[in-house]
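The residues making up each chain are set out below.
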Amino acid sequence: MFRVLVLVSGGGTNLQAIIDRVQDGTIKDTEIVGVISNNHGVYSLERAKQAGISAEVVSPKDFPDRSSFNRALLAKLDEYKPDLIVLAGFLVVIPEIVIKKYEGKIINIHPSLIPSFCGTGYYGLRVHKAALERGVKVSGATVHFVDAGTDTGPIILQKAVYVQEGDTPEALQKRIMEEAEWKILPEAIGLIAEGKVSYVKKPDMQN
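Residues numbered from 1 in each chain as written. Predicted model: local features only at pLDDT ≥ 70, side-chain atom pairs only at ≥ 80, totals over all residues. Heavy atoms only, no water.

Draft legend 1. Looking closely at the nonpolar core. Judged by nonpolar contacts, the single largest core of 33 residues is most densely connected at V6, I18, V86, I107, L185 and I189. Going through the elements one at a time, strand 1 (2–8), helix 1 (13–23), strand 2 (30–37), strand 4 (84–87), strand 5 (106–110), strand 6 (138–145), strand 7 (155–162) and helix 6 (169–193) are the ones with two or more residues in this core. The dominant element in this core, judged by the number of residues it contributes, is helix 6, at eight residues. Non-local contacts of I189, meaning those with residues more than four positions away in its chain, are made with V4, I18, I27, L84, V86 and I107. Grouped together as the second largest cluster of nonpolar side chains are 20 residues, L73, L77, V98 and I106 included. (Core = buried A, V, L, I, M, F, W, Y, C linked by side-chain atoms within 4.5 Å. Buried < 20%, exposed > 50% of the residue type's maximum accessible area, 1.4 Å probe, protein only. Helix = DSSP H or I, 4+ residues; strand = E, 2+ residues; numbered from the N terminus. Contact = heavy atoms within 4.5 Å.)

Draft legend 2. Molecular detail of helix 2 (residues 43–50). Burial in helix 2 covers these residues: S44, L45, R47 and A48. Buried residues of helix 2, viewed axially, fall in a sector of 160°; they line one side. Counted as exposed and oriented over 90 degrees from the buried face of helix 2: K49 and Q50. Looking at the buried residues of helix 2, the elements they touch are strand 1, helix 1, strand 2 and strand 3 (55–57). Backbone geometry just after helix 2 places G52 at a positive phi near 75°. (Arc of directions from axis to C-beta.)

Draft legend 3. Here's a closer look at the side chain of S59. In this structure, S59 sits in the loop between strand 3 and helix 3 (66–80). The residues touching S59, leaving out its near neighbours within four places in the chain, are N38, H40 and F69.

Draft legend 4. Broad picture of the pattern of salt bridges. Within this structure, the stated rule accounts for 10 salt bridges. Here E133 ties to K129 by a salt bridge, and the two come within 2.6 Å at their closest N and O atoms. Residue E133 and its partner K129 are both found in helix 5 (residues 125–134); the two are separated by four residues, about one turn of the helix. For E133, a relative accessible area of 57% corresponds to the exposed category. Residue K129 is classed as partly exposed on the basis of its relative accessible area, which comes to 45%. A salt bridge links D167 to R175; the shortest N-O distance between them is 2.6 Å. What emerges from the salt-bridge pattern is a single network uniting E56, K76 and E79. (Salt bridge = Lys/Arg side-chain N within 4 Å of Asp/Glu carboxyl O.)

Draft legend 5. Structural view of unusual backbone geometry. Residue P115 is bonded to the preceding I114 through a cis peptide linkage, with omega at 20°. You can see P115 is positioned in the loop between strand 5 and helix 5. Positioned with a positive phi, D29 is a non-glycine residue whose angle comes to about 50°. Along the chain, D29 turns up in the loop between helix 1 and strand 2. Phi is positive for D151, close to 60°, though the residue is something other than glycine.

Draft legend 6. Region of interest: the sheet that holds strand 5. Read from one edge of the open sheet, seven strands run 3-2-1-4-5-6-7, paired in mixed fashion. Either end of the sheet is taken by a strand with one partner, and the two such strands are strand 3 and strand 7. With strand direction ignored, the average angle separating the axes of adjacent strands in the sheet is 20°. Judged from the four bridges that link them, strand 1 and strand 4 form a sheet pairing that is parallel. Looking at the pairing, V4 lines up with L84 of strand 4. (Pairing = 2+ DSSP bridges. Axes fitted to C-alpha atoms, helices over the stretch in contact; angles between N-to-C directions.)

Draft legend 7. Summary view of helix 5. Of the residues making up helix 5, those classed as buried are V127, H128, A130 and A131. In a view along the axis of helix 5, the buried residues occupy a sector of 160°, so they form one face of it. Check the buried side of helix 5 and you find it contacts strand 5 and helix 6. Phi turns positive, to about 85°, at G135, one or two residues after helix 5.

Right, here's the structure in full:
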């Protein structure tokens, strides 16, 4: 079985989409071995427990410094022996030690069509607010591999969603989740699990 570990920060709607697609067999020969959150008391932990999945918290607030948290997070990831780590709304910068060890085995869902509205400071409602302020007619979501940059890793899947007249950031966020995120994140996991998509490291442009 292909082992997936999901990292979350909030309510876990993307987590639920993954759980549903594993349970109905859309994602084949795959099990969610655990869910880790950086926040205590979030509903994503309850979603995991209801599905019989191990759920734990590794929070920076519980450690004296960031270095201690980084080491603890890596140790916890190692315990699950994941084939793939999925960032499903995980609002913590992934430590360099994690990216190095799990290079090519970490994917993220971002609520825009990268390279638009991505990078440092673009997360959650901030993405949709920026898109509406810019006046774009189309937004969407992107699943990409995680590398040392912010939203700079190779793109796996994208899905466009039309912006509608009178959209608020909240309304656009909801539509993009329903029409794009909840579809392409499970699809990307399935493609990787079946060996149809693999990570190709970007060439070093300095050489």
